[in-house]
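# Understanding the architecture of this molecule
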Amino acid sequence: TLDVSAQGYLPLRESRQIERGENQITLTLERDPFGVLPSEACAPGETLIYLEDFQDGKADSLAGLEVGLPGFQIGTDDSGNTVLIIDQSTSSMTTLADTTVTNAVWRFKVFYTQATENGLTLHWLENTEGEYTTYEILLPAISTNIAPILRIDSEGVFDMGYIETLPTPGKWHLIEISTYEGKTQFWLDGQLDKRFQDPGAPSGGTFAIGGTGLLDAPELPIYIDDISLCALNAPFTTLPTPTATP
């Protein structure tokens, strides 16, 4: 029996009879309709560092998920797609372990099941080695709100501006957060919403994602899918994609 798996394809199990000596076997893998190929995860000129589409029911290298991080689970949405489900009321966050980048873009797809003033907490270029530094975004899904962008470090909390175009509940969105040579950008569905240059930008770090953990935040599932991290070798250009639907 042969068990074959590959990123972006459905797993295959086949029984074949083999003879003593050299054997030649041809197998055909079927594309997973919810899977992502490594060649699709980054734009031309970028270098893939990390990719997770959750189709194997696991979340490799996302800290804490393997031991049941509170407020996180891997499950399915209404279409049968396997996704990461985050409860917005959790104060826990999961971080991409053992990874530090400087010039890079973090991409993921998000689906808010309802409008909310709370939502997700996003950390970008988070560095916990030595003096703590990170960019933080509190991302709700309600048209009357904005999403503040903060830089947090040993000197304090600094306002970097805010995001005006927020996710719409009930549909998938593609989020891209990039930093190249100190210039950070936030894109939603291929449209630039915010850019800034920060002389005090973190020197490098990773990404983290979780709920807001606010005391009055009701339980609300938010779906995350197709997380990727790509190194940038030139100023960022959004990934050409007609839709954010997984």
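It should be noted that the structure appears before, not after, this text.
Throughout what follows, the structure given in this document is the object of discussion. (Residues numbered from 1 in each chain as written. Predicted model: local features only at pLDDT ≥ 70, side-chain atom pairs only at ≥ 80, totals over all residues. Heavy atoms only, no water.)

### Quick look at the sheet that holds strand E15 (residues 206–211)
- Reading across from one edge, E6-E15-E8-E9-E10-E11 is the order of the six strands in this open sheet, with antiparallel pairing throughout. The outermost strands of the open sheet, each flanked by one partner alone, are strand E6 (93–95) and strand E11 (156–163). Adjacent strand axes in the sheet meet at a mean angle of 20°, parallel and antiparallel pairs treated alike.
- Two strands pair when backbone bridges link them, and strand E8 (residues 116–127) and E15 are joined in this way by six bridges, in the antiparallel orientation. When the sheet's bridge partners are listed, histidine 123 is paired in E15 with alanine 208. (Pairing = 2+ DSSP bridges. Helix = DSSP H or I, 4+ residues; strand = E, 2+ residues; numbered from the N terminus. Axes fitted to C-alpha atoms, helices over the stretch in contact; angles between N-to-C directions.)

### So, the packing of aromatic side chains
- By the definition in use, this model includes eight aromatic pairs.
- Between tryptophan 106 and phenylalanine 207 the ring centres are 4.6 Å apart and the planes differ by 10°, which places this aromatic pair in the stacked class. Taken as a pair, tryptophan 106 in strand E7 (residues 104–112) and phenylalanine 207 in strand E15 lie far apart in primary sequence, 101 residues in all.
- Its relative accessible area of 0% is what places tryptophan 106 among the buried residues. (Phe/Tyr/Trp six-rings, centres within 6.5 Å; stacked < 30°, edge-to-face > 60°. Buried < 20%, exposed > 50% of the residue type's maximum accessible area, 1.4 Å probe, protein only.)

### Quick look at the pattern of salt bridges
- This model, assessed by the stated rule, comprises five salt bridges.
- Arginine 107 is the salt-bridge partner of glutamate 46, the closest N and O atoms lying 2.9 Å from each other. Remark: arginine 107 occurs in strand E7 and glutamate 46 occurs in the loop between helix H1 (38–41) and strand E3 (47–52); sequence separation between them is 61 residues.
- For arginine 151, the salt bridge is made with aspartate 198, and the minimal N-O distance between the two is 2.6 Å. (Salt bridge = Lys/Arg side-chain N within 4 Å of Asp/Glu carboxyl O.)

Read these as spatial facts, not as claims about activity.
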